Amino acid sequence: MKQPTLKDAALALQTAVAALEKSLDPMLGKLAQLETKAREAEGFSEDRVRMAAELDEALEARRRREAEFDTLSKQTRAELDMTIAALQQALGGNTDG
């Protein structure tokens, strides 16, 4: 029987490395997909944080507008009451009927 030479050993090693690379290709593809999905998930998380902040700002703006509306409504009611009282007084005091 022939003794393996260095050339034979190198060829066997190259064949083994090629087979290993070929068997790793599907795993590397899956790893690349997982990394892509991880980046997408990170982007979604960042979007969620940004949208939550925007929602908080919108809710605060709504609260301020509601407070302004409430103040304006009270002022308008007071002015209407004063106008009605002035009209009643101008028309002779008692307009109850």
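Higher on the page you've got the structure.
In this text, all values refer to a predicted model and were calculated from it rather than measured experimentally. (Residues numbered from 1 in each chain as written. Predicted model: local features only at pLDDT ≥ 70, side-chain atom pairs only at ≥ 80, totals over all residues. Heavy atoms only, no water.)

Draft legend 1. Summary view of the overall build of the protein. When you go through the protein residue by residue, the secondary structure sums to one helix and zero strands. For 97 residues, the compact-globule estimate of 2.2 N^0.38 gives 13 Å, and the C-alpha radius of gyration of the protein, at 41 Å, exceeds that figure by more than 25%. Counting only C-alpha atoms and orienting by the principal axes, one finds that the protein spans roughly 135 × 20 × 10 Å. Out of the 97 residues in the protein, the part that is buried amounts to 2%. Of the roughly 9,100 Å² of accessible surface on the protein, 61% is carried by carbon and sulfur atoms. Where the 14 positive side-chain charges of the protein centre and where its 18 negative ones centre are 11 Å apart. (Helix = DSSP H or I, 4+ residues; strand = E, 2+ residues; numbered from the N terminus. Rg over C-alpha atoms; globule rule 2.2 N^0.38 Å. Buried < 20%, exposed > 50% of the residue type's maximum accessible area, 1.4 Å probe, protein only. Areas by Shrake-Rupley, 256 points an atom, 1.4 Å probe, with all protein chains shown as cover. Lys, Arg positive; Asp, Glu negative; His and termini not counted. Charge placed at Lys NZ, Arg CZ, Asp CG, Glu CD.)

Draft legend 2. Representation of helix H1 (residues 6–90) within the structure. Over its 85 residues, H1 runs 121 Å from end to end, which matches the ideal 126 Å to within 8%, given 1.5 Å per residue. Of all the bends found along H1, the most pronounced is centred on aspartate 25 and spans about 35 degrees, while proline 26, a proline, follows it within four residues. One or two residues past the end of H1 sits glycine 92, with phi positive at roughly 120 degrees. (Expected span 1.5 Å × (residues − 1). Bend = angle between axes of the 7 residues up to and from the residue.)

Draft legend 3. Focus on a nonpolar patch on the surface. Together, Leu20, Leu24, Met27, Leu28 and Leu31 line one region of the surface with nonpolar side chains, adding up to about 470 Å² of accessible area. Its place among the elements puts leucine 31 in helix H1. What makes leucine 31 partly exposed here is its relative accessible area of 44%. (Patch = residues over 30% accessible without salt bridge, like charges linked within 9 Å, V, L, I, M, F, W, Y side chains within 5 Å. Salt bridge = Lys/Arg side-chain N within 4 Å of Asp/Glu carboxyl O.)

Draft legend 4. Region of the structure containing the pattern of salt bridges. What the rule picks out here adds up to six salt bridges. The residue arginine 50 makes a salt bridge to aspartate 47 at a minimum N-O spacing of 3.6 Å. Of this pair, arginine 50 and aspartate 47 both sit in helix H1, three residues apart, which is roughly one turn of that helix. We classify aspartate 47 as partly exposed; its relative accessible area is 33%. As a salt-bridge pair, glutamate 54 and arginine 50 come within 3.1 Å of each other at their nearest N and O atoms.

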